[in-house]
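Residue strings, one per chain:
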Amino acid sequence: SDASDASEASDASDGVTFVCVGRRSVGATLAHARYDCEVVPFEEGREEEMCPSCWCGACGVPAAECPDWPSHCKTTRAAAMACHAAARTESLRARLQAVPRPPPLDPGCSAARLMAEPRWGPMRFT
């Protein structure tokens, strides 16, 4: 009928396509952390098992290539997020420490006297 043809044409033109294979979504074939695997559920006793698309949540490499998979396979989403947050914090700390600091001002110079002026105290943080 013309109504169903028009509906199919509008669906085809929106550019969005949902793909499903059996009961599993196409997400099972995309790269994912081991704790997000749909093929091999993340259950106690099955942590070391993996599908070909699993990645190590701790070091960010394919699970088959992870050098420490026996311990990394047990990484949960919360542990991975905490590990990555700690790495970002450490990276930021290292970058901040690498910035050269200006030498301290000579107490007798005009800039130091101006900064020590009592009238600037109340306005310093406003």
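Residues numbered from 1 in each chain as written. Predicted model: local features only at pLDDT ≥ 70, side-chain atom pairs only at ≥ 80, totals over all residues. Heavy atoms only, no water.

Quick notes on the environment of Pro62
Tracing the backbone shows Pro62 in the loop between β4 (54–55) and α2 (69–72). For Pro62, a relative accessible area of 25% gives the class partly exposed. Residues in contact with Pro62, not counting those within four places in the same chain, are Cys54, Trp55 and Cys56. (Helix = DSSP H or I, 4+ residues; strand = E, 2+ residues; numbered from the N terminus. Buried < 20%, exposed > 50% of the residue type's maximum accessible area, 1.4 Å probe, protein only. Contact = heavy atoms within 4.5 Å.)

Section: the environment of Trp55
If you trace the backbone, Trp55 turns up in strand β4. A relative accessible area of 34% places Trp55 in the partly exposed class. Not counting the four nearest positions on each side in its chain, Trp55 is found in contact with Ala31, His32, Ala33, Arg34, Gly60, Val61, Pro62 and Ala63.

A word on the pattern of salt bridges
Opposite charge on two side chains permits pairing when their charged atoms draw close. Applying the stated criterion across every chain, the model contains 4 salt bridges. The partner of Arg46 in a salt bridge is Glu43, and the shortest N-O contact between them spans 3.9 Å. For the salt bridge of Glu49 with Arg46, the shortest nitrogen-to-oxygen distance reads 3.1 Å. Exposure remark for Glu49: the relative accessible area of 38% places this residue in the partly exposed category. By relative accessible area, which is 27% here, Arg46 ends up partly exposed. (Salt bridge = Lys/Arg side-chain N within 4 Å of Asp/Glu carboxyl O.)

Keep in mind these values describe shape, not function.
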